[in-house]
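So you can see what is in the structure, the chains are spelled out below.
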Amino acid sequence: MPLRGWVVKTQVAIVGAGPSGLLLARLLDRAGIRSVVLESRTRAYVEARIRAGVLEEGTVNLLREAGVSSRLDQDGLRHGGFELAFANGTHRIDIEALTGKHVTVYGQTEIQKDLADAHLAAGAQVQYEAKQVQLDQLTGTAARVRYQACGAWQELECDFIAGCDGFHGVSRQSIPVERLRQHERIYPFGWLGLLVDLPPVSKELVYANHERGFALCSMRSATRSRYYIQCSVEDQVTDWPDSRFWDEIRMRLPEPYAARMAIGPAIEKSIAPLRSFVTEPMRYGRLFLVGDAAHIVPPTGAKGLNLAAADVRVLYEGLAEFYASGSQALLDEYSSRALARVWNATRFSWWFTALTHKFSDDAFAHRLQLAELDNLRHSTAASQAFAENYVGQL
Ligand code: APR
Ligand code: PHB
């Protein structure tokens, strides 16, 4: 039976040290608001996860406000457009000309490291390997978080809990199910991703619609590429030796791209299922759900991290107002403000996925996709709507 430790008082308990949890912790720390971060995994495990890498301007600005942008400002790649590949040709969406904005390509893995380094450098700590995290008294005068660490039960008493613990975390599950509405779409395919230390096939991202399925050419730097292909949900990574991956992606790209693609041994390969998921509301009493704990989008368009950062901004502004003036007005708006953006990104990610992926062998459906892609060549209005959603709201 583990020993019982002290009750520690803090202002905000943050469950989860992914990008949502650590970004919130950094912003709160800089505003003089005390927090404790609990993470069930080790730092090494959290930093080994490979995720998307396209940042909206609003996300970059928030990382700057949090004081964690020095590497991002130096190494981030500024992109003013991307390519759509279909019908053996390409069409460029010039996001800079259409919106006046750009996106920054910088891997989430690097952001995760930057956040953890900055947190440590500020003298703050993350309780890694916190086990059996339990949330309690969420509608009481003070919330409680219990967890096991170093062989003892620990307890936090706090004003608020930020549930930043991802889709499988404990926070959402701590809300009585009758108080939530959950919406979900599972897609009938997955993404097989491959990381390779070779120059990317193109300076910009290439999203390809092909009758064999979707493909994406992305990058992490001038010498590191990130590629994806749509695969079956039943596939295992072992079904895809490197040679099969390279053959397949080249078949899905227009000829000149396939011909010049540099291929070599993968340094990472993984399969992710695709899901749309939204929980509403994103608050229950003193608990606020943030990022993947509240919503998941398919990766087409790379909105996941940007949505998480947008939630963090709204919650941070509410907490800062509360601790400055005692007013809960902004905190009371958290769920509705966050959900407005979440639903728009859910719509956009679903639409972009539907435009570019193979859902069935139905030739009619594929012809409609090609017609919609071709319409982007001719319609500035359609291209502009696409670009506005791609760069995101500020
Ligand atoms: N107790 C403590 N920590 C937990 C628990 C728990 N019970 N359950 C999960 N966690 C931790 C996970 O180990 C993980 O490190 O919470 C963290 C959640 O991090 P993410 O899943 O990365 O979620 P979030 O920080 O909201 O980041 C959203 O990540 O998944 C991508 O596309 C998504 O880019 C978006 C971003
Ligand atoms: C990535 O680089 O991992 C990436 C880029 C764009 C996306 C999804 C993922 O839409």
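Rules of the game
- Residues numbered from 1 in each chain as written.
- Chains lettered and ligands numbered in written order.
- Predicted model: local features only at pLDDT ≥ 70, side-chain atom pairs only at ≥ 80, totals over all residues.
- Heavy atoms only, no water.
- Core = buried A, V, L, I, M, F, W, Y, C linked by side-chain atoms within 4.5 Å.
- Buried < 20%, exposed > 50% of the residue type's maximum accessible area, 1.4 Å probe, protein only.
- Helix = DSSP H or I, 4+ residues; strand = E, 2+ residues; numbered from the N terminus.
- Contact = heavy atoms within 4.5 Å.
- Pairing = 2+ DSSP bridges.
- Axes fitted to C-alpha atoms, helices over the stretch in contact; angles between N-to-C directions.
- Near = heavy atom within 4 Å.
- Polar contact = N/O pair within 3.5 Å; in protein donor to acceptor, adjacent residues only side chain to side chain.
- Areas by Shrake-Rupley, 256 points an atom, 1.4 Å probe, with all protein chains shown as cover.
- Domains from an automatic or database assignment.
- Buried area = accessible area lost by both parts, 1.4 Å probe.
- Salt bridge = Lys/Arg side-chain N within 4 Å of Asp/Glu carboxyl O.
- Nonpolar A, V, L, I, M, F, W, Y, C, P; charged D, E, K, R; others polar.
- Phe/Tyr/Trp six-rings, centres within 6.5 Å; stacked < 30°, edge-to-face > 60°.
- Lys NZ or Arg CZ within 6 Å of the ring centre and 35° of its normal.
- Parallel < 35°, antiparallel > 145°, perpendicular 65-115°, else oblique.
- Left-handed = near helix turned anticlockwise from the far one by under 90°.
- Arc of directions from axis to C-beta.

**Q** Looking at this structure, I do not really get the nonpolar core. What am I missing?
**A** Within soluble globular proteins, side chains that are nonpolar tend to cluster in buried spots. Ile14, Leu23, Leu24, Ile161 and Leu315 are the most contacted members of the largest nonpolar core, which totals 69 residues. Take this core: its biggest share by element is 9 residues, from helix H9 (residues 304-325). For isoleucine 161, the contacting residues outside a window of four places in its chain are Ala13, Val15, Leu135, Leu138, Ala143, Arg144, Val145, Arg286, Leu287 and Phe288. Judged by nonpolar contacts, the second largest core, of 30 residues, contains Ile93, Trp191, Met219 and Leu355.

**Q** What am I meant to see in the sheet that holds strand E3 (residues 35-38) here?
**A** The pairing of strands in a sheet happens through backbone hydrogen bonds and is either parallel or antiparallel. What the 6 strands build is an open sheet, ordered E9-E3-E2-E13-E20-E19; its pairing is mixed. The open sheet has two edge strands with one neighbour each: strand E9 (126-127) and strand E19 (283-284). Pairing between strand E13 (residues 160-163) and strand E20 (residues 287-289): 3 bridges, direction parallel. If you follow isoleucine 161 over to E20, its bridge partner there is leucine 287. Its contacts with the sheet put H9 on strand E2 (12-15), E13 and E20, and the angle it makes with E13 is roughly 170°.

**Q** Before we go on, may I ask you to explain the site of ligand 2 in this structure?
**A** For ligand 2, the set of nearby residues contains 16 residues, the closest of which are Tyr207, Ser218, Arg220, Tyr228 and Gly301. Contacts to ligand 2 include tyrosine 228, whose side-chain N or O atom sits 2.5 Å from an oxygen atom. Glycine 301 has a polar backbone atom sitting 2.9 Å from an oxygen atom of ligand 2. Against a free-state accessible area of 280 Å², the protein chains account for coverage of 100% of ligand 2. Mapped onto the shell around ligand 2, the elements with two or more residues apiece are strand E16 (215-221) and strand E17 (224-231).

**Q** Would you take a moment to explain the domain arrangement of the protein chain for this structure?
**A** By a widely used convention, the size of an interface equals the accessible area lost when the partners come together. Along its sequence, the protein chain is organised into domain 1 (3-79 + 102-183 + 275-351) and domain 2 (187-274 + 359-391). Facing 24 residues of domain 1, the contacting portion of domain 2 comprises 21 residues. Interface area for domain 1 against domain 2, summed over the two sides, is near 1900 Å², with a carbon-plus-sulfur share of 64%. Of all residues in domain 1, the largest losses of buried area upon contact with domain 2 belong to Ile50, His79 and Trp351, amounting jointly to 27% of the total for that side. At the junction of domain 1 and domain 2, the tally comes to 0 salt bridges. Mapped onto the side of domain 1 that touches domain 2, the elements with two or more residues apiece are strand E5 (77-79), strand E8 (103-105), strand E18 (268-280) and helix H11 (334-356). Among the elements that take part in the side of domain 1 that touches domain 2, H11 stands out by supplying 5 residues, more than any other. Here the side of domain 1 that touches domain 2 is built from residues that sort into 11 nonpolar, 7 polar and 6 charged.

**Q** Got a minute to help me understand the site of ligand 1 in this structure?
**A** Ligand 1 sits among 25 residues. The nearest are Ser20, Glu39, Arg51, Gln108 and Asp292. Serine 20 places a side-chain nitrogen or oxygen 2.7 Å from an oxygen atom of ligand 1. When the free accessible area of ligand 1 is taken as 710 Å², the share hidden by the protein chains comes to 87%. Mapped onto the shell around ligand 1, the elements with two or more residues apiece are helix H1 (19-30) and H9. The dominant element in the shell around ligand 1, judged by the number of residues it contributes, is H9, at 3 residues. Here the shell around ligand 1 is built from residues that sort into 10 nonpolar, 9 polar and 6 charged.

**Q** Quick question: what am I supposed to make of the packing of aromatic side chains here?
**A** Within the structure shown, the criterion is met by 24 aromatic pairs. Through a chain of ring-to-ring contacts, the aromatic side chains of Phe82, Trp191, Tyr207, Phe214, Tyr228, Phe348, Trp351, Phe352, Phe386 and Tyr390 assemble into a single cluster. Over the aromatic face of tryptophan 240 sits the side chain of arginine 244, whose NZ or CZ is 3.6 Å from the ring centroid. Between the NZ or CZ atom of arginine 286 and the centre of the ring of phenylalanine 160, over which it lies, the distance is 5.8 Å.

**Q** What exactly am I supposed to notice about the pairing of strand E12 (residues 152-158) here?
**A** The side chains of a regular strand alternate between both faces of the sheet. Counting buried positions along E12 gives 6 out of 7 residues, so the element sits mostly inside the fold. Counting the residues between successive antiparallel strands, the hairpin from strand E11 (residues 143-149) to E12 contains 2 residues, one of them, cysteine 150, with a positive phi of roughly 50°.

**Q** Help me understand the packing of H9 against H11 in this model?
**A** If you want to describe how two helices pack, look at the angle between their axes and the distance between the axes. Two elements in contact, H9 and H11, have axes separated by 9 Å at closest approach and are oriented at 165°. If you check the angle between H9 and H11, you find them roughly antiparallel. As H9 packs across H11, the resulting crossing turns out to be right-handed. Contacts between H9 and H11 involve Leu307, Ala310, Asp311, Val314, Leu315 and Glu317 from the first element and Tyr334, Arg337, Ala338, Arg341, Val342 and Ala345 from the second. Taken together, the residues of the contact of H9 with H11 break down into 8 nonpolar, no polar and 4 charged.

**Q** Would you mind showing me how to read helix H7 (residues 242-251) here?
**A** For the α-helix, the turn length of 3.6 residues means that residues three or four positions removed from each other point alike. The set of residues buried in H7 consists of Phe245, Trp246, Glu248 and Ile249. Buried residues of H7, seen end-on, are gathered within an arc of 165° and therefore sit on one face of the element. For H7, the secondary structure elements touched by its buried residues are strand E14 (181-196), E16 and E17.

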